[in-house]
Amino acid sequence: MALASVLGRESAFFNNNKQSSLGVNLDLHVSEPQDFFVRNAASADVFSGPEEKIEFLHGTTTLAFKFQHGVIVAVDSRATAGSYIASQTVKKVIEINPYLLGTMAGGAADCSFWERLLARQCRIYELRNKERISVAAASKLLANMVYQYKGMGLSMGTMVCGWDKRGPGLYYVDSEGNRVCGDSFSVGSGSVYAYGVLDRGRREDLSVEEACELGRRAIYQATYRDAYSGGVVNLYHVKSDGWVCVSQDDVADLHRKYLDEPK
Amino acid sequence: MEYLIGIQGPDFVLVAADTVAASSIIQMKHDYDKMFKLSEKILLLCVGEAGDTVQFAEYIQKNVQLYKMRNGYELSPDAAANFTRKNLADYLRSRTPYHVNLLLAGYDDHDGPALYYMDYLSSLAKAPFAAHGYGAFLTLSILDRYYKPDESVEFILNLPAFNVRLIDKHGIKDLEKLPLATTSTS
């Protein structure tokens, strides 16, 4: 918004600019802030208001699920500007603090800004109350913050994942005002594909290795079918003493690996 | 589409809500509770726009509890319903109206059971039975035909799963969840 006005373009009409300018020159320095913007028929209806509304699009696949040893968080790393792949190495997991993770879907700036603000609020809570904030409280803080801006064009679909004294915690929070607690969620344009694999393979008694493989496989299958997801699968595991980054696998390598494996 | 139903009996109110929390084509949760306990004998059932439902219902819930703390006794169901409606009405013509449809069910120790129907335009009606959602189109006619004020009613609903609760002079009781009838393989 501010960037666009400084560069002298018509503010807020990002999509229109994108469609026309993309054929010839790719202004990367302008398209950078708009990483995830891919037209998704399902979410386009949401912002069918006046023209000033910025259309944010959710070209990504992120997922998280609880199991007996904690929470697995798996995300892809592709960013698209229309049909152009702007980046294959985007970090879609935001490390709020050493025991809380947030995922990124929707507007990149919205997600990283609000989750950074959430990190600040969590730290203040810790200082005031001398104990770590619970996942429920952290997600409620985030939900209340973005609810103030409901209808004003924020686009954020995030999962807040952590481990607190009630065990593993997983909440889905979005800019619409939804906040739900659950055992597994997937967010983004590729979420439908990931849900299929995830729901099929999920059991309560998964081992850490099996759970990681399930998360990895679900994201891979989503990147296989969804054009707007791809790059690298980043996998995190949230344990009782904090999160660890488990692996980073290029989707192409996974493709070769799964091709050789029997089904 | 989200569904709520309430039926008033001679000395109780029976309420049920579906348990699906959906976001366009995805069912995010299949065990979501849409009822908010305002006090020991008052339940608020709330459906509507994402975010507005929880924010509005929790706002009403906290204010009802605050009344109890300040005054030492609870709001009656009638007073709670009118308070809720007033809030909806005040916000209706503001920049941030709450798009929520509500059923408020309660038991008053003096006046007995009560069921109130409220919608997003802040209408309020005390009714012997009421429903919200597409399901209402189908169930209201059944209730019109078969409802008798002095009988306890058993009703069967054919949606995935329901949270059913009963409010009477003893308070709020959870009844068994009604699951989808499981067929053999499919």
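Small disclaimer: the values here were computed from a predicted structure and weren't measured.

About the criteria used
Residues numbered from 1 in each chain as written. Chains lettered and ligands numbered in written order. Predicted model: local features only at pLDDT ≥ 70, side-chain atom pairs only at ≥ 80, totals over all residues. Heavy atoms only, no water. Helix = DSSP H or I, 4+ residues; strand = E, 2+ residues; numbered from the N terminus. Buried < 20%, exposed > 50% of the residue type's maximum accessible area, 1.4 Å probe, protein only. Contact = heavy atoms within 4.5 Å. Areas by Shrake-Rupley, 256 points an atom, 1.4 Å probe, with all protein chains shown as cover. Expected span 1.5 Å × (residues − 1). Arc of directions from axis to C-beta. Axes fitted to C-alpha atoms, helices over the stretch in contact; angles between N-to-C directions. Parallel < 35°, antiparallel > 145°, perpendicular 65-115°, else oblique. Nonpolar A, V, L, I, M, F, W, Y, C, P; charged D, E, K, R; others polar. Phe/Tyr/Trp six-rings, centres within 6.5 Å; stacked < 30°, edge-to-face > 60°. Lys NZ or Arg CZ within 6 Å of the ring centre and 35° of its normal. UniProt positions renumbered as here; feature names shortened; annotations may be inferred. Polar contact = N/O pair within 3.5 Å; in protein donor to acceptor, adjacent residues only side chain to side chain. Pairing = 2+ DSSP bridges.

### Notes on the overall build of chain A
Broken down by element type, chain A carries 9 helices and 13 strands. Residues counted as buried form 54% of the 263 residues belonging to chain A. Sequence-distant contacts, at least 24 apart, represent 62% of the contacts inside chain A between residues at least 6 apart. With an accessible surface of roughly 12,300 Å², chain A has 52% of that area assigned to carbon and sulfur atoms.

### Remarks on helix H2 (residues 77-92) of chain B
All names here are of chain B. Here H2 spans 22 Å end to end across 16 residues, near enough to the 22 Å set by a 1.5 Å rise per residue. All of the buried residues in H2 are Pro77, Ala80, Ala81, Thr84, Asn87 and Leu88. Here the buried residues of H2 occupy an arc of 125° about the axis, which is enough to place them on one side. Taken together, the buried residues of H2 touch strand S6 (42-48), helix H1 (52-71), strand S7 (100-108), strand S8 (112-118) and strand S9 (124-126).

### Points about the packing of helix H8 (residues 208-225) of chain A against helix H9 (residues 251-260) of chain A
Pairs of packed helices are described in terms of their axes, by the angle between the two and the distance that separates them. All names here are of chain A. Packing of H8 against H9 leaves a shortest axis separation of 10 Å and a crossing angle of 105°. Compared by their axis directions, H8 and H9 come out roughly perpendicular. Contact with H8, carried on its side by Glu213, Arg216, Arg217, Tyr220, Thr223 and Tyr224, involves Val251, Leu254, His255, Lys257 and Tyr258 of H9 and no other residues of that element. A class-by-class count of the residues in the contact of H8 with H9 yields 5 nonpolar, 2 polar and 4 charged.

### What to know about the packing of aromatic side chains
This model, assessed by the stated rule, comprises 12 aromatic pairs over all chains. Between Phe113(A) and Trp114(A) the ring centres are 5.2 Å apart and the planes differ by 90°, which places this aromatic pair in the edge-to-face class. Seen from their ring centres, Tyr220(A) and Tyr258(A) are 5.0 Å apart, and the 50° between their planes marks the pair as tilted. Of this pair, Tyr220(A) sits in helix H8 while Tyr258(A) sits in helix H9, and the two are 38 residues apart along the sequence. Its relative accessible area of 6% is what places Tyr258(A) among the buried residues. Through a chain of ring-to-ring contacts, three or more aromatic side chains come together here, namely Phe113(A), Trp114(A) and Tyr149(A). A cation sits over an aromatic face here: Lys126(B) above Tyr116(B), 6.0 Å from the ring centre.

### Comments concerning the UniProt feature "active site" (unreviewed entry) in chain A
Residues and elements named next belong to chain A. UniProt's entry tags Thr60 with the feature "active site" (unreviewed entry), counted in the numbering of this structure. A residue is classified by how much of its surface remains accessible, and Thr60, at 0% relative accessible area, is buried. Within the structure, the side chain of Thr60 is placed 2.7 Å from the side chain of Lys92, a separation counted as a polar contact.

### Quick notes on the sheet that holds strand S2 (residues 12-18) of chain B
Residue and element names in this part refer to chain B. The antiparallel open sheet is built from 5 strands, whose spatial order is S10-S1-S2-S11-S12. Of all the strands in the sheet, just strand S10 (129-132) and strand S12 (171-174) have a single pairing partner and so form its edges. In this sheet, neighbouring strand axes are inclined to one another by 15° on average, regardless of whether the strands run parallel or antiparallel. Where strand S1 (residues 4-8) meets S2, 5 bridges bridge the pair, whose relative direction is antiparallel. Bridge pairing in S2 links Ile5 to Ala16. Strand contacts of helix H3 (residues 134-146): S1 and S10, with the helix running at about 170° to S10, the strand carrying the most contacts.

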